[in-house]
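Residue-level structure breakdown
The chain contents come next:
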Amino acid sequence: MKSRDFILTAIMAVATALMGLCGCHRASAPADTSPSSEVLLKRLSGVEQLQVAEISIRKTASIDDLKPSEVEGARQMVAAMIDALKIGDRKAVYSYDTYLRAYVDLGELTPADITVDTAARHISITLPDLHTDYAGRDAEFREEHYRVTGLRSAIDSEERARLKESMNKLLKEEVRQNDEFSRLLIETGRRRAESFVRTFLGVDGYQVEVKWKNR
Amino acid sequence: MRRIQIVLWLILVLALAVGGLALWQRWSSSPAPERVRYYPARVSDIRSMVELQTVEIYEEMPFKAAVGGRHLVGKIALEGHIGFDLEKVALSDQGDTLAVTLPSATVTLRESTEPGSYVVYDTWSDNPAKPKSFTAAEENKAKRQLLQLAARNLHKSGAVKRAGTNAARTVAEMLSAATGRPVKCTLAPDN
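What this report covers is the structure whose coordinates are included nearby. (Residues numbered from 1 in each chain as written. Chains lettered and ligands numbered in written order. Predicted model: local features only at pLDDT ≥ 70, side-chain atom pairs only at ≥ 80, totals over all residues. Heavy atoms only, no water.)

Bringing the overall build of chain B into the picture now. Helix and strand counts for chain B come out as 3 helices and 8 strands. Reading the helices (α) and strands (β) of chain B from amino to carboxyl end gives α-β-β-β-β-β-β-β-α-α-β. Taking 16 Å as the expected radius of gyration for a compact globule of 191 residues, we find that chain B reaches 31 Å, considerably beyond that expectation. Seen along its three principal axes, the alpha-carbon backbone of chain B occupies a region of about 120 × 50 × 25 Å. The buried share of chain B, reckoned over its 191 residues, is 45%. When contacts within chain B are restricted to residue pairs at least 6 apart in sequence, those whose partners lie at least 24 apart make up 72%. Surface summary for chain B: the accessible area is close to 10,300 Å², and the carbon and sulfur share equals 59%. Averaging the coordinates of the 24 positive side-chain charges in chain B and doing the same for the 19 negative ones gives two points 12 Å apart. (Helix = DSSP H or I, 4+ residues; strand = E, 2+ residues; numbered from the N terminus. Rg over C-alpha atoms; globule rule 2.2 N^0.38 Å. Buried < 20%, exposed > 50% of the residue type's maximum accessible area, 1.4 Å probe, protein only. Contact = heavy atoms within 4.5 Å. Areas by Shrake-Rupley, 256 points an atom, 1.4 Å probe, with all protein chains shown as cover. Lys, Arg positive; Asp, Glu negative; His and termini not counted. Charge placed at Lys NZ, Arg CZ, Asp CG, Glu CD.)

Relative to the assigned elements, B:Gln53 resides in strand β2 (residues 42-67). Engagement of the side chain of B:Gln53 in a polar contact is seen with the side chain of A:Gln51, the distance being 2.5 Å. Looking at B:Gln53, its side chain comes within polar contact range of the side chain of A:Arg101, at 2.5 Å. Those residues in contact with B:Gln53 that sit more than four places away from it in its chain are A:Val47, A:Glu48, A:Gln49, A:Gln51, A:Arg101, B:His81, B:Ile82 and B:Gly83. (Polar contact = N/O pair within 3.5 Å; in protein donor to acceptor, adjacent residues only side chain to side chain.)

Before going further, it helps to examine the environment of B:Thr170. Looking at the element boundaries, B:Thr170 is found in helix α3 (residues 159-179). With 118 residues separating them along the chain, B:Thr170 and B:Leu52 place their C-alpha atoms 9.0 Å apart. Once residues lying within four places of it in the same chain are set aside, the contact partners of B:Thr170 are A:Glu48, A:Leu106 and B:Leu52.

With that out of the way, let us pick up the interface of chain A and chain B. Taken together, the contact between chain A and chain B spans 91 residues of the former and 90 residues of the latter. For the pair chain A and chain B, the two sides together bury roughly 8,100 Å², of which 54% comes from carbon and sulfur. Three residues stand out in chain A for area buried against chain B, namely A:Arg75, A:Arg192 and A:Phe200, and they jointly supply 9% of the buried area on that side. At the surface where chain A touches chain B, the tally comes to 10 salt bridges. A salt bridge links B:Glu87 to A:Arg192; its shortest N-O distance comes to 2.3 Å. For the pair chain A and chain B, the interface holds 41 residue pairs in polar contact (both at pLDDT 80 or more). Mapped by element, the contributors of at least two residues to the side of chain A that touches chain B are β1 (41-63), α2 (74-85), β2 (90-105), β3 (114-117), β5 (131-137), α3 (157-177) and α4 (180-201) of chain A. Of all the elements, β1(A) adds the most residues to the side of chain A that touches chain B, at 23 residues. Judged from the 3 bridges that link them, β1(A) and strand β1 (residues 36-38) of chain B form a sheet pairing that is antiparallel. (Buried area = accessible area lost by both parts, 1.4 Å probe. Salt bridge = Lys/Arg side-chain N within 4 Å of Asp/Glu carboxyl O. Pairing = 2+ DSSP bridges.)

Right, let's get into the sheet that holds strand β5 (residues 97-101) of chain B. Residue and element names in this part refer to chain B. Here we have 3 strands laid out as an open sheet, ordered β4-β5-β8, and mixed in their pairing. The two strands at the open ends of the sheet, each matched to only one other strand, are β4 (90-94) and β8 (183-186). For this sheet, the mean angle separating the axes of adjacent strands, direction not counted, is 20 degrees. Judged from the 5 bridges that link them, β4 and β5 form a sheet pairing that is antiparallel. Residue pairing in the sheet places Leu91 in a bridge with Val100 of β5. Sheet strands touched by α3: β4, β5 and β8. Its angle to β8, the strand with the most contacts, is close to 155 degrees. (Axes fitted to C-alpha atoms, helices over the stretch in contact; angles between N-to-C directions.)

Here α4(A) contains 22 residues, and its C-alpha end-to-end distance of 31 Å stays within 8% of the 32 Å for a straight helix at 1.5 Å per residue. Those residues of α4(A) not exposed but buried are A:Phe181, A:Leu185, A:Thr188, A:Gly189, A:Arg190, A:Arg192, A:Ala193, A:Glu194, A:Phe196, A:Val197, A:Phe200 and A:Leu201. (Expected span 1.5 Å × (residues − 1).)

Residues and elements named next belong to chain A. In this structure, Val148 sits in strand β6 (residues 142-148). It is 37 Å that separates the C-alpha atoms of Val148 and Glu180, two residues lying 32 residues apart in sequence. The residues contacting Val148, other than those within four sequence positions of it, are Asp89, Arg90, Ser153, Ala154 and Ile155.

This next bit is on the pattern of salt bridges. Within this structure, the stated rule accounts for 32 salt bridges over all chains. Of the charged contacts, one joins A:Lys67 and A:Asp64 as a salt bridge, the two residues approaching to 3.0 Å between their closest N and O atoms. Overall, the relative accessible area of 22% leaves A:Asp64 in the partly exposed class. Between B:Arg35 and A:Asp83 there is a salt bridge; the shortest N-O distance is 2.9 Å. Of this pair, B:Arg35 sits in the loop between α1 (2-29) and β1 while A:Asp83 sits in helix α2, on two different chains. You can call B:Arg35 partly exposed: its relative accessible area is 30%. What makes A:Asp83 buried here is its relative accessible area of 4%. One network of salt bridges, in which partners are shared, links A:Arg58, A:Asp97, A:Asp138, A:Arg142 and A:Glu144.

Our next topic: the environment of A:Arg183. All names here are of chain A. For Arg183, the position within the fold is in helix α4. You can call Arg183 partly exposed: its relative accessible area is 38%. At 2.2 Å, the side chain of Arg183 and the side chain of Glu180 are in polar contact. Within the structure, Arg183 has its side chain in polar contact with the side chain of Glu187 (distance 2.5 Å).

What follows is the structure in structure tokens.
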């Protein structure tokens, strides 16, 4: 009798707990919220920059378990053995683009840099050298591939944010060490700037000669 | 006999300590496990343009998203600029005066490349029995909406109009210096 009462009480307790959990779930999912316009810090700076070129640099990273054939050292070997015991796969590939731009800072242009010869219908302009800097990165993080199976944990927002941060740091280091990116950008920018300035300033049929400072 | 036993025990303990230290040093100096592989950065596109940019933007804001009872809170930093495509400028003669009309402003807003520009502080679900994580697609959609809102706010606050006024002044000065003619530069009606 006592054991039967105990079993009935236990069943009632579990049922009550389950009902309580179900009660936490709303009958209908709440509407998705639209983004807020709160701002923590805002800076608008007046500039006079003529952007003439931009390159997109793609950085890609993949997440995967360690394979015993690829390990170096004891720690990686132990981690690879643990990964081999896990049930399921955890693989993903992500990428995003970062932008580098080249621009002329018009604030560095002085009246002495433009000489106009109305008789000869000739304009000579000496442009300040191109600057290059980062012009942001894609806010979106492209998921090229995602496969998480078995008992493996999903790749969540926190992990993706940390991954993007690491990729950003590495990309900046690569750009710093490899001049090829800025060389390509400056070459493209110079050609465009020269072509535009000749057309824009030659609007009245003047012949325009374009030179660069520090070149 | 007892002394010899003590000495032997001491030697054994010392040998174990040295061996343990050596193993520990080997362990800690071996490369840490890394389940992420990074591929070399490569150029995916190169474009040339002639865009006069008169306002640079930097904003940090909370990033909040809610999808199907799941919530995400973080912080995002945006950077960008307001610019005008000078190749779409319309030029015409009005007697001695050169009339210039600037095209519509382009507001470019992207995630900043400064460290810590995107941080997720917390994600949770209203129903503990259901997963709390957002998919990459859901997160990307929320970010797109935020960027669109930030761009609309720039228009509403008058920043785009002010950028246009500055651009018109710059273009007028440049053309006037080059042509020696008075230049009247106006903005497109939708600026």
